[in-house]
Amino acid sequence: MLYCKDIVTLSANQPVSPSHDIRYPKLTLYYVTLIEAIMYTDNEILFPHHVIPILKNMRGPKWGELVERVLSQPECAEESLAFMLMMIRLNGCMACETDSYRAMRGCMACTTQTLRRFKGSDEDLLAMYAKALEDVQYFAVGNRLIDRIEKQSG
């Protein structure tokens, strides 16, 4: 019988040896496919909303107030989107690869490490949030204008 521990010991991209007693002899399993199925099941590529509550006590009182204010909003509100955009920029999520060490550790570990290592003050973080909120609002207004133009011309 073939057990998971047997598959894990196989080298990358090597099919299961025919010497293993398996019920489906034509079945070919690959180590990489199994590991990808295990490793990447809970990985997000961009900062997820569900990590925000964990960040409340990681910095000073102003940071905690910002997190509380964001959590009081719906997930798709401009304030929540701006917070996620700020964290995406701060964490460097755009450069994250699914097979990187950082991604394998997960967004929660990456974010907590980033906030611990951040050398700026809470005011710096609040300024980054204000810039992200401005960007989200600018994007939303731009899209509303485009929608109006399309409706008028259509």
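What counts, and at which threshold
- Residues numbered from 1 in each chain as written.
- Predicted model: local features only at pLDDT ≥ 70, side-chain atom pairs only at ≥ 80, totals over all residues.
- Heavy atoms only, no water.
- Patch = residues over 30% accessible without salt bridge, like charges linked within 9 Å, V, L, I, M, F, W, Y side chains within 5 Å.
- Areas by Shrake-Rupley, 256 points an atom, 1.4 Å probe, with all protein chains shown as cover.
- Salt bridge = Lys/Arg side-chain N within 4 Å of Asp/Glu carboxyl O.
- Lys, Arg positive; Asp, Glu negative; His and termini not counted.
- Charge placed at Lys NZ, Arg CZ, Asp CG, Glu CD.
- Helix = DSSP H or I, 4+ residues; strand = E, 2+ residues; numbered from the N terminus.
- Buried < 20%, exposed > 50% of the residue type's maximum accessible area, 1.4 Å probe, protein only.
- Axes fitted to C-alpha atoms, helices over the stretch in contact; angles between N-to-C directions.
- Parallel < 35°, antiparallel > 145°, perpendicular 65-115°, else oblique.
- Contact = heavy atoms within 4.5 Å.
- Nonpolar A, V, L, I, M, F, W, Y, C, P; charged D, E, K, R; others polar.
- Arc of directions from axis to C-beta.
- Phe/Tyr/Trp six-rings, centres within 6.5 Å; stacked < 30°, edge-to-face > 60°.

Draft legend 1. Broad picture of a positive patch on the surface. Taken together, the side chains of Arg105, Arg116, Arg117 and Lys119 define a basic patch exposed on the protein surface. Along the polypeptide, Arg116 turns up in helix H6 (residues 107-117). Arg116 gets classed as exposed once you look at its relative accessible area, which sits at 65%.

Draft legend 2. Geometry of the packing of helix H3 (residues 61-71) against helix H4 (residues 78-91). For the pair H3 and H4, interaxial distance at closest approach is 9 Å and the crossing angle is 130°. One finds that H3 runs oblique with respect to H4. On the side of H3, the interface is formed by Trp63, Leu66, Val67 and Val70, while H4 contributes Glu79, Ser80, Phe83, Met86 and Met87. Taken together, the residues of the contact of H3 with H4 sort by class into seven nonpolar, one polar and one charged.

Draft legend 3. Quick look at H3. Regarding H3, the residues found buried are Trp63, Gly64, Leu66, Val67 and Val70. The buried residues of H3 all sit within an arc of 160° when viewed along its axis, so they share a single face. Facing away from the buried surface of H3 by more than 90 degrees, the exposed residues are Pro61 and Glu65.

Draft legend 4. Local environment of the pattern of salt bridges. All told, the structure shown has five salt bridges when counted by the stated rule. Note that Lys56 is salt-bridged to Glu68, the shortest N-O span being 3.0 Å. Taken together, the residues span a long stretch of sequence, with Lys56 in the loop between helix H2 (31-39) and H3 and Glu68 in helix H3 at a distance of 12 residues. By relative accessible area, which is 31% here, Lys56 ends up partly exposed. Residue Glu68 is classed as partly exposed on the basis of its relative accessible area of 37%. Between Asp122 and Arg59 there is a salt bridge, and its shortest N-O distance comes to 3.1 Å. You can see Asp122 sitting in helix H7 (residues 122-153) and its partner Arg59 sitting in the loop between H2 and H3, a full 63 residues away along the chain. Look at the salt bridges and you will find they share partners, linking Arg89, Lys131 and Asp135 into a network.

Draft legend 5. Fine view of the packing of aromatic side chains. Inspection of the entire model under this criterion finds two aromatic pairs. For the pair Phe47 and Phe83, a centre-to-centre distance of 6.4 Å together with 55° between the ring planes defines the contact as tilted. On the criterion of sequence distance, the pair formed by Phe47 in the loop between H2 and H3 and Phe83 in helix H4 is long-range, its members being 36 residues apart. Each member of the pair, Phe47 as well as Phe83, is classed as buried. Judged by centre distance (5.5 Å) and plane angle (40°), the ring pair of Trp63 and Phe83 falls under tilted. Placement of Trp63 in helix H3 and of Phe83 in helix H4 is noted, with a sequence separation of 20 residues between them. Just as Trp63 is buried, Phe83 falls in that class too.

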